[in-house]
Amino acid sequence: MEDFEKLVIKDIIIEKVNLTRATYKEASELKKILDDDIEKKFRKLIVDLSQCEFIDSTFLGVLVLSLKKISMISGEIRLVKPKSVVRALMEKSGTLNIFNAYDTLDEAVESFEFTHASNYYTREGLSAQA
């Protein structure tokens, strides 16, 4: 299994982190992936951290910097919450509060379903694409 897996649902890009320990070693790869998504003008990104049992400050910093970058093109990054230990650390550091974070991937995807200018998504309209 790859460390990072990309899924596409409509215009939502999901970057699934398949790591139990997300550290500085993997942070540069995540940065490249998210920078590429943002350069391609994707405005709806979800980073799925549900498999992570540990995240270091470098990896977390990549997420924060990517959030700043995507906000410059009126985009958003939403997180699927990591395991409870990591979530508690993110809450204490205040970093979890700057992201819209959800308990499940389905909740994160559904959170993008709203009427907004020309974009209106319904539950029936969702279909996973690889």
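This write-up is about the structure you can find in this document. Per chain, residues are indexed from 1 in the order of the written sequence. With pLDDT at 70 or above as the cut-off, local features in this predicted model cover only qualifying residues; side-chain atom pairs require 80 or more to be listed or tallied, and sums for whole chains, interfaces and linings still use all residues. Think of the side-chain values as coming from all heavy atoms in the structure, minus any hydrogens and water.

**Some remarks on the pattern of salt bridges**
Move 1: By definition, a salt bridge exists where a carboxyl oxygen of Asp or Glu is found within 4 Å of a side-chain nitrogen of Lys or Arg. Per the stated rule, a full pass over the model turns up nine salt bridges.
Move 2: Note that aspartate 37 and lysine 6 form a salt bridge whose closest N and O atoms lie 2.6 Å from each other. Taken together, the residues span a long stretch of sequence, with aspartate 37 in helix α1 (residues 24-39) and lysine 6 in strand β1 (residues 4-9) at a distance of 31 residues.
Move 3: Overall, the relative accessible area of 1% leaves aspartate 37 in the buried class.
Move 4: Taking the shortest distance from any N to any O, the salt bridge between aspartate 48 and lysine 16 comes out at 3.5 Å. Taken together, the residues aspartate 48 in strand β4 (residues 44-48) and lysine 16 in strand β2 (residues 12-17) connect sequence positions 32 residues apart. Think of it this way: any DSSP run of H or I at least four residues long counts as a helix, any run of E at least two long counts as a strand, and we number them from the N terminus. Using a 1.4 Å probe on the protein chains alone, a residue whose accessible area is under 20% of its type maximum counts as buried, one over 50% counts as exposed, and one in between counts as partly exposed.

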